[in-house]
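# An overview of the molecular structure
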Amino acid sequence: MFAEAYARLPKQPQPTTVEEYRGRQSRLTNRFRNEDVLIVSSPSFAVHSNDVEYRYRTSSDLLYLTGWTEPESVYVLRCVDGRWLSSLFVQPKDTLKEIWEGRRPGVEGALQDFPIDEAFNIDELANELGSWLNEAKRVFVRGGVNQEVDDLVQSAVRKRDRARQHFGTGPVSVEDPSGIIAELRLRKSPSEIEQMVYASKVASIAHELAMRHSREGVTEFQLQSIIEGFFSYAGASGWSYPSIVGCGENATILHYTANQDVCGDDEVILIDAGAEYRGYASDITRSWPISGQFSDAQREIYELVLRSQRAAIEVCKVGEPYTAPHEAARRVLAEGLIELGIIDQDLETALDPDHGDLKKWYMHNTSHWIGLDVHDVGVYKPGGEPRLLEAGMCLTVEPGLYFGAWRPDVDCPERYSNIGIRIEDDVLVTGDGPVILTEDCPKTVEAIESIVGVPL
Ligand code: GLY
Ligand code: MN
Ligand code: MN
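Residues numbered from 1 in each chain as written. Chains lettered and ligands numbered in written order. Predicted model: local features only at pLDDT ≥ 70, side-chain atom pairs only at ≥ 80, totals over all residues. Heavy atoms only, no water.

## Considerations on the sheet that holds strand S13 (residues 280-281)
Quick reminder of the rule: Paired strands, as defined in this entry, are two strands with at least two bridges between them according to DSSP. Note on conventions: DSSP H or I runs of at least 4 residues are helices, E runs of at least 2 residues are strands, and numbering of each starts at the N terminus.
Spatially, 3 strands are ordered S9-S12-S13 in an open sheet, and the strand pairing comes out antiparallel. On the outer flanks of this sheet lie strand S9 (238-239) and S13, each paired with one strand and no other. Taken together, the 2 bridges between strand S12 (residues 275-277) and S13 define a ladder with antiparallel strand orientation. If you follow Glu 276 over to S13, its bridge partner there is Ala 281.

## Describing the site of ligand 1
Heads up, the rule is: We call a residue near a molecule or strand when any one of its heavy atoms sits within 4 Å of it. Accessible areas in this description were obtained via Shrake-Rupley with a 1.4 Å probe; residue shielding takes into account the shown protein chains only. Only Asp, Glu, Lys and Arg are considered charged, only Ala, Val, Leu, Ile, Met, Phe, Trp, Tyr, Cys and Pro nonpolar, and every remaining residue, Gly among them, polar.
Neighbouring ligand 1 are the residues Tyr 241, Asp 272, Asp 283, His 368, His 375, Glu 398 and Glu 424. In isolation ligand 1 offers 190 Å² of accessible surface; the protein chains occlude 92% of this area. Class assignment for the residues of the shell around ligand 1 results in 1 nonpolar, 2 polar and 4 charged.

## Details of the coordination of the manganese ion (ligand 2)
Operational definition: Only nitrogen, oxygen and sulfur atoms qualify as donors, and only when within 2.8 Å of the metal (3.2 Å in the case of Na, K and Ca); with water excluded, sites may look incomplete. Labels for metal geometry use angle windows, namely 85 to 135 degrees for all angles of a four-donor tetrahedral site, and for square planar (four donors) or octahedral (six donors) sites opposite donors over 155 degrees apart plus all others within 65 to 115; sites meeting none of these are irregular. Categorising residues by exposure relies on relative accessible area from a 1.4 Å probe, with only protein chains included: less than 20% of the type maximum marks a residue as buried, more than 50% marks it as exposed, and the intermediate range marks it as partly exposed.
Protein coordination of the manganese ion (ligand 2) is provided by Asp 283 (OD), His 368 (NE2), Glu 398 (OE) and Glu 424 (OE), with donor distances spanning 2.0 to 2.2 Å. For the manganese ion (ligand 2), the 6 donor atoms are set out with angles of 50 to 157° between them, so the coordination reads as irregular. A separation of 3.3 Å is found between the manganese ion (ligand 2) and the manganese ion (ligand 3), which share Asp 283 as a coordinating residue. Here the residue His 368 occupies a position in the loop between helix H15 (358-361) and strand S15 (394-397), and Glu 398 occupies one in the loop between S15 and strand S16 (400-402), the gap between them amounting to 30 residues. Considered together, His 368 and Glu 398 belong to a single accessibility category, that of buried residues.

## Observations concerning the coordination of the manganese ion (ligand 3)
Donor atoms from the polypeptide that bind the manganese ion (ligand 3) are Asp 272 (OD), Asp 272 (OD), Asp 283 (OD) and Glu 424 (OE), placed at 2.1 to 2.5 Å. Seen from the manganese ion (ligand 3), its 6 donor atoms lie at angles of 56 to 170°, and the figure they make is irregular. Counting along the primary sequence, the residues that act as donors to the manganese ion (ligand 3) give the motif D-x10-D-x140-E. On the basis of relative accessibility, which here comes to 4%, the residue Asp 272 falls in the buried class. Overall, Glu 424 belongs to the buried group, its relative accessible area being 0%.

## Thoughts on the nonpolar core
The line we're drawing: The nonpolar core is taken to be a set of buried Ala, Val, Leu, Ile, Met, Phe, Trp, Tyr and Cys residues, with the residues joined through side-chain atoms within 4.5 Å. By definition in these notes, contact holds between two residues if any of their heavy atoms fall within 4.5 Å.
Membership of the largest hydrophobic core comes to 63 residues, with the highest contact counts inside it found for Phe 230 and Leu 401. Non-local contacts of Leu 401, meaning those with residues more than four positions away in its chain, are made with Ile 301, Leu 304, Val 305, Leu 333, Leu 337, Trp 361, Tyr 362, Ile 419, Gly 420 and Ile 421. With 31 residues, the next largest nonpolar core counts Phe 114, Ile 370, Val 374 and Leu 428 among its residues.

Structural data, given as structure tokens:
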């Protein structure tokens, strides 16, 4: 079923090179002083139940700086005699463990294939890191990720020994490095964009396959399985967030993930699903009629949301505040709802955050950063002011309208009862204007009507 769709994908991109990781590390050290130490630990496994764990996913910061994906690892960046050294503590090679759980790169693999100057067995952490910390002034570490690291840092800060007494050595402050790393992650490099393009293309085709398999009686979980099955078939590591597959009134629940219902002929389905590829997320929403033909009411709402999305994408330009797409989408939606007689207020009142009726039907934001995390890092309002978009930033554009007839807090217009539409693309900001990474995913009424229910 997937082979034909797979053949439409481009070749997978080259992985990020060791030189590029080195460049990221070096840009980071520019923000540090020579007596600083940065520590980034891999997170622990998450238990699914009893002795079964979820698929392991390391921290995005660790991935960003090193490309290292193994568990039980600690990365340290420190300056020795004026030269910044990149060190990694790793699980050692262990034949018995490797027979059961899989091969380990170990110390040799870390040195050979990764941007690492010194690698150690994780058992040596206390010894090595303990002594490095005693030389440090500021320690940059995120607390609560690795208990052993937290204890070592605390003990170095508390220590009151002769060396400290005589030479004033030892850390005096502990700071969270997340914000500094986030500033780098916010602007994507060409290699990162290549990974995101592949993640986006995989998800675009997956949505198209789900459209093609939509017909009366199909279940939400069957469409979910087609989407997620294609993610794996195409070489993605899986989803970048749990897939939202909601038909009928479920389409009006923003983060519906039960995905258990049967789809009816007169219903709209909303699917919000994205693939993760080499750690990079895609995030796409499409909404379509199960019958393959929009009813008049469904089309009215769909075309309005589409107009608002296009207006929002249009302003994803260098120099615009990150809030511009939201404002553009809101304005088009409010105008349209007034025209359709759904909102009985003037435009400015409809848009008012306190008194406006727009928020009854459109209650979420239009954009978020996207990258190694689906809701990627990066402060939206540095210094309290909306950040201005720069080339290399990636954000989603995802307006929607949700007419949940089940909601006790609103009077849902009968004509639009249980229509939930969201249209979401991933956009790269460039000097030449917005580039839609998820462009391949069918979006116009005509494209959708020609595809739904028509298998490849
Ligand atoms: N899929 C989550 C979001 O759109 O933000
Ligand atoms: Mn999103
Ligand atoms: Mn989404």
